[in-house]
Amino acid sequence: MSNSSAARTNLTSNSVQLNPYQVLGEGSFRIAYAATYIGGNRNSQEAVAKCFKPRYKIMETEYFESDFEAADKAIQYAEEWNTMCANPYIVPRHTIKDIRTILITRGDIHTIGGTKYLVEPLIRGFTKFTSNNGWISDNEKWQGKIMEAFTHYTYHRSGGNLIVCDLQGRHKRNTYEKHKSRFELTDVAICSRNRRFGPTDLGEKGIDSFFDNHVCNEFCNVGGHWARPKNTRAWFPKQSSTSMMRSSQSNLLQLTNRSTFQPGFGGILEEEEEDEEEEDNYTTSQQQLLLQILQNSETTQKLIDILAQDIELFTQVG
């Protein structure tokens with residue numbers, strides 16, 4: 001899909017000069033360094049080189065294997081979106097026709113000094129519109145609304161099998177030729193029912209969480225009603241940073257599994273384990289209340305001593 005009109009690529013530039021002392025940004029899992037293209041038709045243009053932090057190297061292979069597949073699938077839906085919005089019979093006089101184009105960045109892997117980097121054209125004026133855990137920016141501007149609508153559109157077009165999410169980048173406006181204005185997005189994620197798009201694919205619960213937070217706006221349902229799931233709920237803590245889960249945890253992301261999640265180290269989601277703890281706290285509270293009641297009677301001192309020993313033993317074991 002790298003030759004698609006909806007793809008934003010390195011073109012013919014196959015080499016970059018890395019600047020390891022200039023950090024452009026840092027997320028939960030990766031660091032982004034400044035770089036410059038050498039040769040090709042992006043020669044001397046700014047690039048960004050992203051690598052995993054040492055502690056998350058274990059997820060590097062799985063992420064890179066799925067990243068291009070996710071980008072290609074997102075490019076496919078962006079191309080369909082662009083075609084739909086360019087059709088005057090589908091969106092006559094609709095605002096979206098002037099800002100229709102969505103480009104998805106698809107970089108390349110470069111190994112520099114033994115470290116793997118994902119290299120792609122730099123995006124200035126970066127904005128985070130949505131995440132993959134259901135978080136949606138509370139900015140009510142039209143740019144954010146269009147990004148939400150695009151995610152909803154991908155659910156509808158895929159027959160309810162996935163959403164393209166974690167949308168981040170910029171809207172690049174062309175004042176003189178509005179039809180050339182466009183969204184440039186990078187590091188998109190896909191949440192799918194069969195969880196085939198790597199660690200950032202939060203499966204059915206990722207889809208559910210987005211729609212639990214998404215309110216349809218004027219850019220949704222263009223050309224007819226778009227499908228959306230019913231009876232949704234939020235399964236994850238809503239946070240702007242991208243969330244990841246290991247492939248070994250895929251069963252937890254099925255809707256038939258009732259597990260919810262809490263933030264873990266660096267954004268890796270961890271299953272909540274509250275039921276047993278709540279039960280223990282409740283039992284302890286019952287015993288402590290009974291102890292306070294019994295303390296009002298001098299005739300029950302021996303029983304108090306026995307109960308106090310039970311509480312101490314319970315606390316140590318629990």
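Residues numbered from 1 in each chain as written. Predicted model: local features only at pLDDT ≥ 70, side-chain atom pairs only at ≥ 80, totals over all residues. Heavy atoms only, no water.

Asker: Any chance you could explain the pairing of strand β11 (residues 182-185) here in plain terms?
Answerer: Across a regular strand the side chains alternate sides, sitting on one face of the sheet and then on the other. Bridge analysis of strand β5 (residues 101-105) against β11 gives four bridges, and the strand direction is parallel. In the strand pairing of β11, Leu103 is matched with Glu184. (Pairing = 2+ DSSP bridges. Helix = DSSP H or I, 4+ residues; strand = E, 2+ residues; numbered from the N terminus.)

Asker: What is the right way to look at the sheet that holds strand β4 (residues 46-52) in this model?
Answerer: One key point about sheets: their strands pair by backbone hydrogen bonds, in either a parallel or an antiparallel sense. A sheet is described by the order of its strands in space; here five strands give the open sequence β2-β3-β4-β7-β6, paired in antiparallel fashion. Only two strands of the sheet have a single partner each, and these edge strands are β2 (15-26) and β6 (108-112). Geometrically, the sheet is characterised by an average inter-axis angle of 35° between neighbouring strands, direction not taken into account. Two elements, strand β3 (residues 30-38) and β4, share seven bridges in a ladder whose sense is antiparallel. (Axes fitted to C-alpha atoms, helices over the stretch in contact; angles between N-to-C directions.)

Asker: Quick question: what am I supposed to make of the sheet that holds strand β1 (residues 7-8) here?
Answerer: Here we have five strands laid out as an open sheet, ordered β1-β5-β11-β10-β8, and mixed in their pairing. The sheet terminates laterally at β1 and β8 (127-128), the two strands that pair on one side only. One ladder, built from two bridges, connects β8 with strand β10 (residues 168-172); its direction is antiparallel. Residue pairing across strands places Thr127 opposite Gly169, the latter belonging to β10. Helix-sheet contacts for helix α1 (residues 60-86) involve β1 and β5, and the interaxial angle to β5 is about 170°. (Contact = heavy atoms within 4.5 Å.)

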